[in-house]
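# Residue-level structural notes
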Number of protein chains: 2
Amino acid sequence: MFSKACEYGIRASIFIAERSLMGMKVSLKEVANAIDSPEAYTSKILQKLSRHEIVSSEKGPNGGYLIGPQQIEKVMLNEIVFAIDGDKVYQGCGLGLPKCDGAKPCPAHHQFKIIRDELKEMLETTTIKSLTLGLSESLTFLKR
Amino acid sequence: MFSKACEYGIRASIFIAERSLMGMKVSLKEVANAIDSPEAYTSKILQKLSRHEIVSSEKGPNGGYLIGPQQIEKVMLNEIVFAIDGDKVYQGCGLGLPKCDGAKPCPAHHQFKIIRDELKEMLETTTIKSLTLGLSESLTFLKR
DNA sequence: CTTTTATCGGACAAATTTGTCCACTTTAAT
DNA sequence: ATTAAAGTGGACAAATTTGTCCGATAAAAG
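Summary of the structure given here. All values derive from a computational prediction rather than experimental measurement. (Residues numbered from 1 in each chain as written. Chains lettered and ligands numbered in written order. Predicted model: local features only at pLDDT ≥ 70, side-chain atom pairs only at ≥ 80, totals over all residues. Heavy atoms only, no water.)

The next subject is the nonpolar core. Ranked by size, the top nonpolar core spans 88 residues in total, and within it I10 and L49 of chain A together with I10 and L49 of chain B carry the most contacts. Sequence-distant contacts of L49 of chain B, that is, excluding residues within four places in its chain, are made with G9, S13, I54, V55, I80, A83 and I84 of chain B. (Core = buried A, V, L, I, M, F, W, Y, C linked by side-chain atoms within 4.5 Å. Buried < 20%, exposed > 50% of the residue type's maximum accessible area, 1.4 Å probe, protein only. Contact = heavy atoms within 4.5 Å.)

So, in structure tokens, the structure goes:
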């Protein structure tokens, strides 16, 4: 569904969000360990999220990543997906046609549109913050 | 959503099905041209579909690909997806965890499950044959 | 039975994605 | 000021996916 980079990005964001809600910053190492991802690769992904102003980063000793109080209320899943995978999730044709829309659809356009619209709706209405709730109660997990 | 190979596979199957309904066989070249895909790569994909008995192939002069009369009524989208991409579409975790289920879910498990279940339902109930209808009426297209 | 036309399948090549390494910059603490 | 601890970013490497080539195989037609 998403690229691996995007999956890491979402997991990382959820972890950072959870800690940020507790008033904590987290280091790259902590993130990579928490979500079980390669450290250097995760670094690249966090840089992207940082440039898109989804997470904030601080250099130097006691530096690390965080999501600010205003941001944490606003950041939706779709922003992370867009920052890393771009808009292909939304506009891409289910059968891979370079262009495909209601005016000149692929044979499965209608069927896929229903699914895609729901995916879009879900990504646009799900906050990162909401996904941290189960985490802190140990009802959900970021690695396994 | 699917691999490119899988997209080619679905497009090819729909094209072959349409022609088969008209009592025709089609050559590799015709398939590749109809769905605008690389010929040799398409060949690999058709071989997979052939081994999975989704399409039939005939060698020699006047050979080509077809979907038999019984098969054409039965073949569902999900069989093609499974033949090429395996079951990762169904069982894969939305956040990329190696394992993720109701007992130990990722933070977005519930949200993704809804989408995934619908995708699964759609793939399992959509016949290739049904997708050829719009094609023959030029309401839908396999390349663009 | 030979030739021609088609798919089959293995080896190879290119492109993309994923992952690693390391020198650089920033910043806090001493 | 110096040092140490962090993220930054560019170059490189590995793995996977996508795509190509070509000889082998099968079958129909002359």
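Back to the write-up after that little detour.
Attention now moves to the side chain of H109 of chain B. Within the secondary structure layout, H109 of chain B lies in helix α7 (residues 109-125). The residues touching H109 of chain B, leaving out its near neighbours within four places in the chain, are C100, D101 and G102 of chain B. (Helix = DSSP H or I, 4+ residues; strand = E, 2+ residues; numbered from the N terminus.)

Once that is clear, we can look at the relation of the copies chain A and chain B. The operation relating the pair of chain copies consists of a rotation about an axis and a translation along that axis. Aligned on chain B, chain A shows an RMSD of 0.0 Å; the corresponding rotation is 180° and the shift along the axis is 0.0 Å. Considering both components of the superposition, the chain copies are consistent with a two-fold axis. Using C-alpha coordinates, one finds that chain A approaches the rotation axis most closely at M1 of chain A, a distance of 2.3 Å. A shared binding surface is used by both copies, with 100% of the interface residues of chain A retained as interface residues in chain B. (Least-squares fit on C-alpha atoms with pLDDT ≥ 70 in both.)

Here we come to the protein's contact with DNA strand C. The environment of DNA strand C is formed by 25 residues, the closest being P38 and P61 of chain A together with L28, K44 and S57 of chain B. Among the atoms of DNA strand C close to the protein, meaning within 4 Å, 64% are from sugar or phosphate groups. Measuring from a phosphate oxygen of DNA strand C, one finds a side-chain N or O atom of Y8 of chain A at 3.2 Å. G60 of chain B is positioned with one of its backbone polar atoms (N or O) 3.3 Å from a sugar or linking oxygen of DNA strand C. Listed by contribution, the elements that provide at least two residues to the surface near DNA strand C are α1 (4-21) and α3 (39-51) of chain A together with α3 (39-51), β1 (56-58) and β2 (64-66) of chain B. (Near = heavy atom within 4 Å. Polar contact = N/O pair within 3.5 Å; in protein donor to acceptor, adjacent residues only side chain to side chain.)

The next point concerns the environment of L49 of chain B. If you trace the backbone, L49 of chain B turns up in helix α3. Between the C-alpha atoms of L49 of chain B and I10 of chain B, which are 39 residues apart in sequence, the distance is 9.8 Å.

The next thing to look at is the packing of α1 of chain A against helix α2 (residues 28-35) of chain A. All names here are of chain A. At their nearest, the axes of α1 and α2 sit 10 Å apart, and the two run at 115° to each other. Overall, the two elements α1 and α2 adopt an arrangement that is roughly perpendicular. In the packing of α1 onto α2, the handedness of the crossing is right-handed. In contact with Y8, R11, A12, F15 and I16 of α1, α2 contributes E30, V31, A34 and I35. (Axes fitted to C-alpha atoms, helices over the stretch in contact; angles between N-to-C directions. Parallel < 35°, antiparallel > 145°, perpendicular 65-115°, else oblique. Left-handed = near helix turned anticlockwise from the far one by under 90°.)

Assignment of secondary structure puts T140 of chain B in the segment after α8 (128-136). For the pair T140 of chain B and A103 of chain B, spaced 37 residues apart in sequence, the C-alpha to C-alpha distance is 42 Å. With residues near it in sequence (within four places) discarded, T140 of chain B still touches P105, C106 and P107 of chain A together with G134 and L135 of chain B. At 3.1 Å, the side chain of T140 of chain B forms a polar contact with the backbone nitrogen of L135 of chain B.

Residue and element names in this part refer to chain B. Their axes nearest at 9 Å, the elements helix α1 (residues 4-21) and helix α5 (residues 77-85) cross at an angle of 140°. Between α1 and α5, the angle is such that the two are oblique. Relative to α5, α1 is oriented so that their crossing is right-handed. Residue-level inspection shows A5, C6, G9, I10 and S13 of α1 in contact with α5, the latter providing L77, I80, V81, I84 and D85.

Right, let's talk about the protein's contact with DNA strand D for a bit. With respect to spatial proximity, 27 residues lie near DNA strand D, and among them L28, K44 and S57 of chain A together with K4 and P38 of chain B are the closest. The share of sugar and phosphate among atoms of DNA strand D within 4 Å of the protein is 60%. A distance of 3.2 Å is found between a phosphate oxygen of DNA strand D and a side-chain nitrogen or oxygen belonging to Y8 of chain B. Elements that contribute at least two residues to the surface near DNA strand D include exactly α3, β1 (56-58) and β2 (64-66) of chain A together with α1 and α3 of chain B. If one sorts the elements of the surface near DNA strand D by residue count, α3 of chain A sits on top with four residues. Class assignment for the residues of the surface near DNA strand D results in 10 nonpolar, 10 polar and seven charged. (Nonpolar A, V, L, I, M, F, W, Y, C, P; charged D, E, K, R; others polar.)

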